[in-house]
Amino acid sequence: RNITLVDENKLKLVAEGGLLPVLTLLRFDRESIQEHATGTVWNLSTHPENELKIVQEGALPPLIKLLRSRNVLIARQACGALRNVSVNDEARVDIVDEGGLSAVIHLLRATAAGTLE
């Protein structure tokens, strides 16, 4: 995950086919894996060239599901990734169509305000 803090690495990981394996990790049952995977997707989503690719590779369903995680870090990182990709008009529509709006509302109701910063 730390390697994706560098912009050049964000692009390189996606260009070399690393996005799909990271997205696969979002579906694992172990919280430690989900924490690293959501953090990595959040980092990758900060680069404008990755926003739509993340959506096209199927990230929305697992990210939206992880908004309901009992682990606040996982939910927060999933929310951050969704926020970043939502700057894309197409992605914004897809997020709502996939149930993201109700999941965000659930997260807002279930989480203490200070943890969402």
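Data block above holds the structure.
We now turn to the structure provided with this report.

What counts, and at which threshold
Residues numbered from 1 in each chain as written. Predicted model: local features only at pLDDT ≥ 70, side-chain atom pairs only at ≥ 80, totals over all residues. Heavy atoms only, no water. Patch = residues over 30% accessible without salt bridge, like charges linked within 9 Å, V, L, I, M, F, W, Y side chains within 5 Å. Areas by Shrake-Rupley, 256 points an atom, 1.4 Å probe, with all protein chains shown as cover. Salt bridge = Lys/Arg side-chain N within 4 Å of Asp/Glu carboxyl O. Helix = DSSP H or I, 4+ residues; strand = E, 2+ residues; numbered from the N terminus. Buried < 20%, exposed > 50% of the residue type's maximum accessible area, 1.4 Å probe, protein only. Axes fitted to C-alpha atoms, helices over the stretch in contact; angles between N-to-C directions. Parallel < 35°, antiparallel > 145°, perpendicular 65-115°, else oblique. Contact = heavy atoms within 4.5 Å. Nonpolar A, V, L, I, M, F, W, Y, C, P; charged D, E, K, R; others polar. Arc of directions from axis to C-beta. Core = buried A, V, L, I, M, F, W, Y, C linked by side-chain atoms within 4.5 Å.

Attention shifts here to a nonpolar patch on the surface. A surface patch of nonpolar side chains, about 250 Å² in accessible area, is lined by V96, L101 and I105. Summarising the element assignment, V96 is placed in helix α7 (residues 89–97).

Once that is clear, we can look at the pattern of salt bridges. On inspection of all chains with the given rule, the structure shows one salt bridge. Between D89 and R92 there is a salt bridge, with its nearest N and O atoms 2.2 Å apart. Linking D89 with R92, this pair stays in helix α7, spanning three residues, or about one helical turn. Overall, the relative accessible area of 53% leaves D89 in the exposed class.

The interhelical angle for the contact between helix α3 (residues 31–45) and helix α4 (residues 48–56), taken along N-to-C directions, is 130 degrees, at an axis separation of 7 Å. With respect to each other, α3 and α4 are oriented oblique. On α4, the residues that touch V41, L44 and S45 of α3 are N50, E51 and I54. Residue classes in the contact of α3 with α4 are distributed as three nonpolar, two polar and one charged.

All right, on to helix α8 (residues 100–110) then. An α-helix turns once every 3.6 residues. As a result, residues three or four positions apart point the same way. For α8, the full list of buried residues reads G100, A103 and L107. All buried residues of α8 project into a common sector of 60 degrees when viewed along the axis, lining one side. Facing away from the buried side of α8 by more than 90 degrees, the exposed set consists of L108 and R109. Among the structural elements, α5 (60–66), α6 (72–85) and α7 are those in contact with the buried residues of α8.

Moving on to the nonpolar core. In this structure, L26, V41, I54, L60, L63 and L82 are the most contacted members of the largest nonpolar core, which totals 27 residues. Taken together, the elements giving at least two residues each to this core come down to α2 (19–25), α3, α4, α5, α6, α7 and α8. Broken down by element, this core gets its largest block of residues, six residues, from α6. Apart from the residues within four sequence positions on either side, V41 is in contact with V22, L23, L26, I54, L63 and A81.

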